[in-house]
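A structural walkthrough
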Amino acid sequence: MKTVFTTCPLCEATCGLELTVEGDRITRVRGDREDEFSKGFLCPKGASLGALDADPDRLTVPLVKRDGEFREVTWEEAFAHVDERLKDFPDRDTVALYLGNPVVHSLAGGLYAGPLRKALGSRNVFTASTVDQMPKHVQVGHMFGGVFSIPVPDIDRTDFMLVLGADPFSSNGSLWTVPDAPGRFRALQKRGGRFVVVDPRRSRTAQAADQHVVIRPGTDVFLLLALVHELFAQDLVDLRDLAGHVTDHTVIRAHVEPFGPDAVAGRTGVDAETIRALARELAGADRAVVYGRIGTTTIEFGTVASWAVDVLNVLTGNLDRPGGAMWPLPAHGGRGPGRGKGFTTGRWHSRVKGHPEVMGEFPAVTLADEIETPGEGRVRALFTIGGNPALSLPNSARVNDALSSLDFMVSVDPYLNETTRHADVVLPTPPPSRRDHYDIAFLNNSTRNVAKYSRAAIPLEEGRVDETDIFFRLATIFSGLGPAADLDAVAAFQLAELKKKAGADFEPEGETREERLLDLKLRTGAYGISLRQLLDNPHGIDLGPLTPRLPEILRTPSGKVELTPKPIVDDLPRVLTALRTPETEMVLVGRRHLRSNNSWMHNVPALVKGKPLCTLLVNPADAVRIGLADGATAQVTSRVGKVEVLVEVTADIAPGVVSMPHGWGHDQPGTRLTVAREHAGVNVNLLTDDLRIDPLSGTAVLNGTRVQVVPA
Ligand SMILES: Nc1nc2c(c(=O)[nH]1)N[C@H]1C(S)=C(S)[C@@H](COP(=O)(O)OP(=O)(O)OC[C@H]3O[C@@H](n4cnc5c(=O)[nH]c(N)nc54)[C@H](O)[C@@H]3O)O[C@H]1N2
Ligand SMILES: Nc1nc2c(c(=O)[nH]1)N[C@H]1C(S)=C(S)[C@@H](COP(=O)(O)OP(=O)(O)OC[C@H]3O[C@@H](n4cnc5c(=O)[nH]c(N)nc54)[C@H](O)[C@@H]3O)O[C@H]1N2
Ligand code: SF4
Ligand SMILES: [Mo]
């Protein structure tokens, strides 16, 4: 029996875990009280890591489909098969890649997703970003020059926080790494601060808030622009130390002129006086921050709404200021040049619908178009890595048909699920306990600067292949080096190149290829710490509170924060048209539950026991009008589909709005999900519409779907 300290890889909070390991099993999970960042916090998902890790439905050997049946094969056979079949697709654009959410949570994805994409050389790259946060990348790309330069709330030092379309008490934070978000919000209240939540639903976060502002779904953009309007109208603009770092802010006033509180009140359902008071409170607080998430990104105006969030942070002087919205500085990253080439989209366009490329990818909603539409460059093969597009993309009936029509499909995934059942080859990844962990992505969004590395809690069994090696092997196959290339030799060559580029005069140390790569990044990074130091500090190293980063963080040609980027300003007329288009129908929004994680953790008994989590929330007034009782079944219809779902009547949801979580619908044939099948739920993405996107980012509209609801 041994105790191992590690980091939970399941959500963005990156909580420190104390694992008890007996033989090859995790027998107890506790929050690591000595973790420098999370201080012992643990949620039900982290507590179930042992069960998730030992799930008997996990695949352990590669599968290859022959005559419609999966057969177990050796790793050598599986990779050789992939290499052989790829020869049928000499035009690389006919091979698509879909990268899902867990890719961002692993060292494999953090280090090798980029090289893998490059090695494939296809323009048909898709990721879960375009059903999630792409508007934020586009907005910060235009304003600050770098797509990963996302400022995050400095919650531990703020006095006032305005939260829109996020439920960190359930999600534990997103694009914002903030372990124990609930504890930090309560600490804010305890020191006399306040936080306000804007949400059509009384979420767990809204329940804890000092004020809950109920909003009509999809209309945050109007509310945000009205707040900007009020800062000017009430003479509340105060740039404080930002004046020298931003372009002319006074021109914004004309842009928001049509969006005064009286003009937006009817459409948002938020009365004008509430908006004016919010503007005063935001400007009046010494240290304040505005934060928007899913409810402000997976909507029709995600990029403009994300822009308005940071415009508010700038106009109140709270960008790059303690207690405001600040940029983390991760240990594996360096300080920036202060100026750069800026950010553009549309360097190439998708074949069928002409969508502009954004960050080198196309909107996930157009994957089915590219598979189904005949012509040169039609996608005929697909690699999915850590993704479940069959459940997570809008109009999933169509996505499923498209996946089943492919000539060749490979999935890198531990489960035989709704997506991977369509694959010809499944390459299973080892469970979390068997892999080394360092958060390349999330330390970039961290509410405090910290660094932590943990080696696998349990050694990988003989004959199994680590996910880093799967990525690496696929990259060498894509590069034409074949299925049996010497990975050590390739890695040594790459490391030498990187060493030269970084001007490093030392030999990176570590037991694996990945450790040496990480050691190089760390030692040439902003703090100069080494992998050895991280190994010596199993609870992580605290690098202190966030510090101001202007102007070095900027990569804009002007060397300033671009307050009115042309593509964003050019989208405002579309926003105005929408403001003037009345919306009366019933609309559908999503939600997340603490015990659920997108589509893939419903096979753990402890996380699905009790009352069903996949229900349709209906306001009591609507329930009476429609004739629906609690526990009844409703039929919900949208432009693209129809489902039947269990009704939960609650005043927590606004009238005219219904809510359903995503990631359910585990009743499909051909999967191996014993527990999830018993708690199948219904796939909400049979209702969401693949034709509705935020055009600037290509992001799907997953909230505010027009639906009709009747008794089943
Ligand atoms: N209607 C609606 N739809 C939504 C959303 C919504 O709010 N509403 N949210 C969207 C958001 S924010 C996201 S991020 C997407 C997620 O969309 P996806 O990333 O497509 O889906 P996930 O459910 O995260 O599926 C993760 C997959 O990775 C596999 N997996 C688990 N662990 C590992 C691992 O260690 N390695 C590998 N290689 N695979 C692993 C799982 O078995 C599963 O197949 O869904 C989006 N879809
Ligand atoms: N427990 C758990 N944690 C998770 C996940 C999970 O599935 N389960 N998924 C992870 C992932 S991939 C992500 S991206 C993050 C997401 O993190 P969050 O964005 O914090 O998560 P959600 O719970 O989806 O919160 C969105 C909120 O927006 C509200 N909403 C919907 N439409 C609108 C709207 O138009 N306007 C406004 N103002 N609000 C609206 C919903 O009612 C909901 O309360 O969570 C991550 N953490
Ligand atoms: S909050 Fe997220 S990181 Fe923390 S224990 Fe839960 S799932 Fe893991
Ligand atoms: Mo996400």
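Residues numbered from 1 in each chain as written. Chains lettered and ligands numbered in written order. Predicted model: local features only at pLDDT ≥ 70, side-chain atom pairs only at ≥ 80, totals over all residues. Heavy atoms only, no water.

Looking at an unreviewed UniProt entry, one finds the chain named Anaerobic selenocysteine-containing dehydrogenase, with Lentzea jiangxiensis as its source organism.

1. Focus: the overall build of the chain
Broken down by element type, the chain carries 26 helices and 26 strands. Here the C-alpha radius of gyration of the chain, 25 Å, is about what a compact globule of 712 residues would show, namely 27 Å. Principal-axis analysis of the C-alpha atoms places the extent of the chain at approximately 70 × 65 × 55 Å. Split into buried and exposed, the 712 residues of the chain put 62% on the buried side. Taking all contacts inside the chain whose residues are at least 6 apart in sequence as the whole, residues at least 24 apart take part in 73%. (Helix = DSSP H or I, 4+ residues; strand = E, 2+ residues; numbered from the N terminus. Rg over C-alpha atoms; globule rule 2.2 N^0.38 Å. Buried < 20%, exposed > 50% of the residue type's maximum accessible area, 1.4 Å probe, protein only. Contact = heavy atoms within 4.5 Å.)

2. Brief notes about the site of ligand 3
Taken together, Cys8, Leu10, Cys11, Ala13, Thr14, Cys15, Phe41, Leu42, Cys43, Lys45, Gly46 and Asn172 make up all the residues around ligand 3. Of the residues belonging to the shell around ligand 3, the class tally is eight nonpolar, three polar and one charged. (Near = heavy atom within 4 Å. Nonpolar A, V, L, I, M, F, W, Y, C, P; charged D, E, K, R; others polar.)

3. Some words on the UniProt feature "domain: 4Fe-4S Mo/W bis-MGD-type" (unreviewed entry) in the chain
Within this numbering scheme, the UniProt entry marks residues 1-57 as carrying the feature "domain: 4Fe-4S Mo/W bis-MGD-type" (unreviewed entry). The span residues 1-57 is 16% helix and 35% strand, and its two end C-alpha atoms sit 25 Å from each other. (UniProt positions renumbered as here; feature names shortened; annotations may be inferred.)

4. Description of the site of ligand 1
Around ligand 1, a shell composed of 29 residues is seen, among which Tyr98, Asn101, Ser392, Asp413 and Ser599 lie nearest. Within the contact set of ligand 1, an oxygen atom lies 2.7 Å away from a side-chain nitrogen or oxygen of Ser392. Between ligand 1 and the protein, one listed contact pairs an oxygen atom with a side-chain N or O atom of Asp413 at 2.6 Å. A breakdown of the residues in the shell around ligand 1 according to their chemical character gives 12 nonpolar, 12 polar and five charged. (Polar contact = N/O pair within 3.5 Å; in protein donor to acceptor, adjacent residues only side chain to side chain.)

5. A look at the pattern of salt bridges
Evaluated as defined, the whole model comprises 49 salt bridges. Arg194 serves as the salt-bridge partner of Glu281, at 2.5 Å between the closest nitrogen and oxygen. With a gap of 87 residues between them, Glu281 in helix α12 (residues 272-284) and Arg194 in strand β10 (residues 194-198) connect regions that are remote in the sequence. A relative accessible area of 25% means that Glu281 is categorised as partly exposed. On the basis of relative accessibility, which here comes to 29%, the residue Arg194 falls in the partly exposed class. Here the salt bridges do not stand alone but share partners, grouping Lys353, Asp369, Glu372, Arg398, Arg639, Asp689 and Asp690 into one network. (Salt bridge = Lys/Arg side-chain N within 4 Å of Asp/Glu carboxyl O.)

6. Thoughts on the sheet that holds strand β3 (residues 25-31)
Spatial ordering of the open sheet is given by β1-β2-β3, a layout of three strands whose pairing is antiparallel. Taken across any chain shown, the strands that pair with only one partner, and hence form the sheet edges, are β1 (2-7) and β3. In this sheet, adjacent strand axes meet at a mean angle of 30 degrees when their direction is disregarded. The pairing of β1 with strand β2 (residues 16-22) spans six bridges and is antiparallel. Within β2, the residue paired with Thr3 across the bridge is Thr20. (Pairing = 2+ DSSP bridges. Axes fitted to C-alpha atoms, helices over the stretch in contact; angles between N-to-C directions.)

7. Describing the pairing of strand β22 (residues 642-649)
Of the strand pairs in this sheet, strand β20 (residues 616-618) and β22 are connected by three bridges, and their pairing is parallel. For Val618, the partnering residue across the bridge sits in β22 and is Val649. Bridging between strand β21 (residues 633-637) and β22 involves five bridges; their strand directions are antiparallel. Bridging from a neighbouring strand, Gln635 pairs with Glu644 of β22. Between β21 and β22, which pair antiparallel in sequence order, lie four residues.

8. Considerations on the domain arrangement of the chain
Domain annotation for the chain reports domain 1 (154-327 + 558-575) and domain 2 (584-711). Put simply, the middle of domain 1 and the middle of domain 2, counted by C-alpha atoms, are 28 Å apart. Each side of the interface is counted separately: domain 1 has 26 residues, and domain 2 has 27 residues. Between domain 1 and domain 2, a total of about 1,800 Å² is buried, with carbon and sulfur atoms accounting for 56% of that surface. Summed over the three residues of domain 1 that lose the most area to domain 2, namely Arg201, Arg216 and Thr298, the buried surface amounts to 30% of that side. Viewed at the interface, domain 2 and domain 1 are joined by three salt bridges. Arg574 is the partner of Asp694 in a salt bridge, and the nearest nitrogen-oxygen pair spans 3.7 Å. Linking domain 1 with domain 2 are eight residue pairs in polar contact (both at pLDDT 80 or more), by the criterion used here. (Domains from an automatic or database assignment. Buried area = accessible area lost by both parts, 1.4 Å probe.)

9. Section: unusual backbone geometry
Residues Leu550 and Pro551 are joined by a peptide bond in cis, for which omega reads 5 degrees. With respect to the helices, strands and loops of the structure, Pro551 is situated in the loop between β18 (541-542) and α22 (566-569). Here Lys39, not a glycine, exhibits a phi torsion of approximately 50 degrees, which is positive. With respect to the helices and strands, Lys39 occurs in the loop between β3 and α1 (44-47). Here Asn172, not a glycine, exhibits a phi torsion of approximately 60 degrees, which is positive. A relative accessible area of 1% places Asn172 in the buried class.

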